[in-house]
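Take a look at the letters that make up each chain.
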Amino acid sequence: MQNEAILTLVQWLSPAYPVGAFAYSHGLEWAVEAQDVHNGETLSAWLRNVLCHGAGWCDALFLVAAFRADDPTAVDATARAFAPSVERLKETTLQGAAFARTTGTVWAKPLPALTYPVALGHGARCHDLPLDLTLQMYLQAFMSNLVAAGMRLIPLGQTEGQALIRSLTPLCGAIAADAIDGTLDDLSSTAFMSDISSMKHEQQYSRIFRT
C-alpha cells in the first residue's frame, strides 16, 4: 500500500499531470525582468524566501487543514482570501480545478473544484494517502516547477538547475515537518517582493508565463 501511495503521488505531482503548472512562474518572470533574480545564487535565495515565508509555508498549512477537514469549503475560502494578487488567485484556482477534474475522472471519485493545495489535501484524504508524504512531495513539486521556470528565464543550465532542486529538497522536508503540526492560526506571509512581483507581472509587457 505504501508503494501504491508513493506511485499515486508521483503521478499526481508529475509535470505530466495536466494541471498546467509549467505555465506559471509565481511572479518569478517579473523578478528576472527587474534583475532581482539573475543567476543560480539569487534564484536559490528567492526560492528559499518563497518556501519559508511565502506561498510554500501557507500552501503547506492549507493542505494540512484540508486533509484534516471533513468539509474543505472553509479552508478553501481562506486560501482564496489569502491570495495576494489576481494572478496568484488565478494560479491556485485554475490548477486546483484542473487537478480535481482530472483526478475525479481517472479515479472515478468526483472532487470539488478547490484551490490547488486544498484540492490536493482533500484528494489525499479521500484516497487514504499519507499526509506527511503528500506534503513533502507537494512542496518539492512546487519548488521544482519554479526552478524549471528559472532555467528558462535566466537562463540556468540543466545541471545547475537539478543541483538547486537537490539542495532545496531538505528544506521542503523541514517545512513539511513544521506545517504538519500547525493550523491556519499559523498563517503568515512576509515574502513581500514575491507578492509585489506577482502584481507587477499583471502589467508586464512581454511575458511567456501566465503569472
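Keep in mind that what you see is a predicted model, and the values were worked out from it rather than measured.

Chemist: I'd love a proper account of the packing of helix H4 (residues 55–68) against helix H7 (residues 116–126), names of residues and values included.
Modeler: Where H4 meets H7, the closest approach of the two axes is 7 Å, and the angle between their N-to-C directions is 35 degrees. For the element pair H4 and H7, the recorded crossing hand is right-handed. Between H4 and H7, the residues in contact are Asp-59, Phe-62, Leu-63, Ala-66, Phe-67 and Arg-68 and Pro-117, Val-118, Leu-120, Gly-121, His-122, Ala-124 and Arg-125, respectively.

Chemist: Help me get a handle on the pattern of salt bridges, residues and values and all.
Modeler: Scanning the entire structure with this criterion turns up four salt bridges. We note a salt bridge from Arg-80 to Asp-76, for which the minimum N-O separation is 2.7 Å. Residue Arg-80 and its partner Asp-76 are both found in helix H5 (residues 73–82); the two are separated by four residues, about one turn of the helix. Residues Arg-88 and Asp-195 are paired through a salt bridge, measuring 3.1 Å at the closest nitrogen-oxygen approach. Taken as a pair, Arg-88 in helix H6 (residues 86–106) and Asp-195 in helix H10 (residues 192–201) lie far apart in primary sequence, 107 residues in all. We classify Arg-88 as buried; its relative accessible area is 8%. On the accessibility criterion, Asp-195 (11% relative accessible area) is buried.

Chemist: Which residues make up a nonpolar patch on the surface, and what are the values?
Modeler: Residues Phe-192, Met-193 and Ile-196 make up a contiguous nonpolar surface patch of roughly 300 Å² in combined accessible area. Here Met-193 lies in helix H10.

Chemist: How would you summarise H4 if you had to cite specific residues and measurements?
Modeler: Here H4 contains 14 residues, and its C-alpha end-to-end distance of 20 Å stays within 8% of the 20 Å for a straight helix at 1.5 Å per residue. Within H4, 13 of the 14 residues are buried, leaving the element largely enclosed by the surrounding structure.

Chemist: A description of the packing of aromatic side chains should follow, citing residues and the corresponding values.
Modeler: Within the structure shown, the criterion is met by six aromatic pairs. Their ring planes at 65 degrees and their centres at 5.7 Å tell us that Tyr-116 and Tyr-138 sit as a pair that is edge-to-face. Here the residue Tyr-116 occupies a position in helix H7, and Tyr-138 occupies one in helix H8 (residues 131–153), the gap between them amounting to 22 residues. Overall, the relative accessible area of 4% leaves Tyr-138 in the buried class. Joined through ring pairs, the aromatic side chains of Trp-12, Tyr-17, Phe-99, Trp-107, Tyr-116 and Tyr-138 make up one cluster.

Chemist: So what about the side chain of Glu-91? Which residues, and what values?
Modeler: Tracing the backbone through its elements, the reader meets Glu-91 in helix H6. Nearest to the buried, unbridged Glu-91 among oppositely charged side chains is Arg-88, at 4.9 Å. Setting aside its immediate chain neighbours within four residues, Glu-91 contacts Tyr-24, His-26 and Thr-211.

Chemist: Can you explain the environment of Ser-144? Please cite residues and give values.
Modeler: Assignment of secondary structure puts Ser-144 in helix H8. Residues Ser-144 and Val-64 lie 80 residues apart in sequence; the distance between their C-alpha atoms is 20 Å. A polar contact is formed between the side chain of Ser-144 and the backbone oxygen of Gln-140, at a distance of 2.7 Å.

Chemist: Describe the nonpolar core, naming the residues involved and giving the relevant values.
Modeler: Side chains of nonpolar character tend, in soluble globular proteins, to be buried together. Judged by nonpolar contacts, the single largest core of 65 residues is most densely connected at Trp-12, Leu-28, Val-37, Leu-43, Leu-47 and Phe-99. For this core, the element with the highest residue contribution is H8, accounting for 13 residues. In this view, Leu-28 contacts Val-37, Leu-43, Trp-46, Leu-146, Ala-149, Gly-150 and Leu-153; residues no more than four positions away in its chain are not counted.

Cut-off values and rules
- Residues numbered from 1 in each chain as written.
- Predicted model: local features only at pLDDT ≥ 70, side-chain atom pairs only at ≥ 80, totals over all residues.
- Heavy atoms only, no water.
- Axes fitted to C-alpha atoms, helices over the stretch in contact; angles between N-to-C directions.
- Helix = DSSP H or I, 4+ residues; strand = E, 2+ residues; numbered from the N terminus.
- Left-handed = near helix turned anticlockwise from the far one by under 90°.
- Contact = heavy atoms within 4.5 Å.
- Salt bridge = Lys/Arg side-chain N within 4 Å of Asp/Glu carboxyl O.
- Buried < 20%, exposed > 50% of the residue type's maximum accessible area, 1.4 Å probe, protein only.
- Patch = residues over 30% accessible without salt bridge, like charges linked within 9 Å, V, L, I, M, F, W, Y side chains within 5 Å.
- Areas by Shrake-Rupley, 256 points an atom, 1.4 Å probe, with all protein chains shown as cover.
- Expected span 1.5 Å × (residues − 1).
- Phe/Tyr/Trp six-rings, centres within 6.5 Å; stacked < 30°, edge-to-face > 60°.
- Lys, Arg positive; Asp, Glu negative; His and termini not counted.
- Polar contact = N/O pair within 3.5 Å; in protein donor to acceptor, adjacent residues only side chain to side chain.
- Core = buried A, V, L, I, M, F, W, Y, C linked by side-chain atoms within 4.5 Å.

Scope: geometric values only; no functional claims are made or implied.
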